[in-house]
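Chain by chain, the residues run as shown.
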Amino acid sequence: MAASSVAGDSGPFTLRDDVIRFPDGAEARYTVLVNPDSAFIVPYFENGDTMLVRQWRHAWDASSWEVPAGTFDGDEDPLDCARRELAEETGLVAERYTSLGIVHGAAFLTGRAHMFLAQSITESDRHPETYEQDMEVLRIPFKEALEASLGGTIVHSGSVTALCRAARALKR
């Protein structure tokens, strides 16, 4: 990297301008958004159901059905984040978590998405954050959620990936 400068900050996000120098001496500017890691959780009930959440996505000007997910609080452990987000958004508590791996989002983002399958579930009270008060929660058969992700009804890329990886882990 030949140079790097911060273009701005907003909450946990930092917009960075980097200048990369290639072996031949040519340079190119890259814009990088430094963002926190996140956890995506696919809850799986014994009867084959899962739970999705629907929330407004301002940047898309649309609401979106997604698996429960959220960003890390500081240097939070991925599994701790998954447990917290699942309980906050859905009121679910899982006894067993299986890692579904880690993925990156868009190539200009630094944050990674840690994906989990949550099983042996009990229900409790939801504790959504202030901006999640209007979030809808829907319990549906896992196969329907998977079909919605493959068919384009679920368009949130992290949710599509998490559902596909969960299906593989569950051999569905």
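Residues numbered from 1 in each chain as written. Predicted model: local features only at pLDDT ≥ 70, side-chain atom pairs only at ≥ 80, totals over all residues. Heavy atoms only, no water.

Looking at the side chain of Glu89
Moving on, step 1. Mapped onto the elements of the fold, Glu89 is located in helix H1 (residues 78–90).
Moving on, step 2. In this structure, Glu89 is buried with no salt-bridge partner, the nearest side chain bearing the opposite charge being Arg57 at 6.7 Å.
Moving on, step 3. From its side chain, Glu89 meets the backbone nitrogen of Ala69 in a polar contact 3.2 Å long. (Helix = DSSP H or I, 4+ residues; strand = E, 2+ residues; numbered from the N terminus. Buried < 20%, exposed > 50% of the residue type's maximum accessible area, 1.4 Å probe, protein only. Lys, Arg positive; Asp, Glu negative; His and termini not counted. Salt bridge = Lys/Arg side-chain N within 4 Å of Asp/Glu carboxyl O. Polar contact = N/O pair within 3.5 Å; in protein donor to acceptor, adjacent residues only side chain to side chain.)

What to know about the nonpolar core
Moving on, step 1. Membership of the largest hydrophobic core comes to 22 residues, with the highest contact counts inside it found for Phe40, Val42, Val67, Met115, Leu117, Phe142 and Leu163.
Moving on, step 2. Taken together, the elements giving at least two residues each to this core come down to strand E4 (38–43), strand E8 (92–104), strand E9 (112–123), helix H2 (142–151) and helix H3 (157–170).
Moving on, step 3. Take this core: its biggest share by element is 5 residues, from H3.
Moving on, step 4. Beyond its immediate chain neighbours, meaning those up to four positions away, Met115 contacts Phe40, Thr98, Ser99, Leu100, Gly101, Val103, Gly158, Thr161 and Ala162.
Moving on, step 5. Counting residues in hydrophobic clusters, the runner-up holds 14 residues, among them Met51, Phe72, Leu86 and Phe116. (Core = buried A, V, L, I, M, F, W, Y, C linked by side-chain atoms within 4.5 Å. Contact = heavy atoms within 4.5 Å.)

Some words on the pattern of salt bridges
Moving on, step 1. Scanning the entire structure with this criterion turns up 12 salt bridges.
Moving on, step 2. Two residues, Arg29 and Asp17, come together in a salt bridge whose shortest N-O distance is 2.9 Å. Residue Arg29 is found in strand E3 (residues 27–34), and its partner Asp17 is found in strand E2 (residues 13–21); the two are separated by 12 residues along the sequence.
Moving on, step 3. Residue classification places Asp17 among the buried residues on the basis of a relative accessible area of 16%.
Moving on, step 4. Among the ionic pairs, Arg83 bridges to Asp80, the shortest N-O distance being 3.6 Å.

What about unusual backbone geometry?
Moving on, step 1. Unlike most non-glycine residues, Asp61 shows phi in positive territory, near 55°.
Moving on, step 2. Inspection of the secondary structure assignment puts Asp61 in the loop between strand E5 (49–57) and strand E6 (62–66).
Moving on, step 3. Given the relative accessible area of 60%, Asp61 is considered exposed.
Moving on, step 4. Its identity is not glycine, yet Ser120 carries a phi of approximately 55°, on the positive side.
Moving on, step 5. Of note, Ser120 is situated in strand E9.

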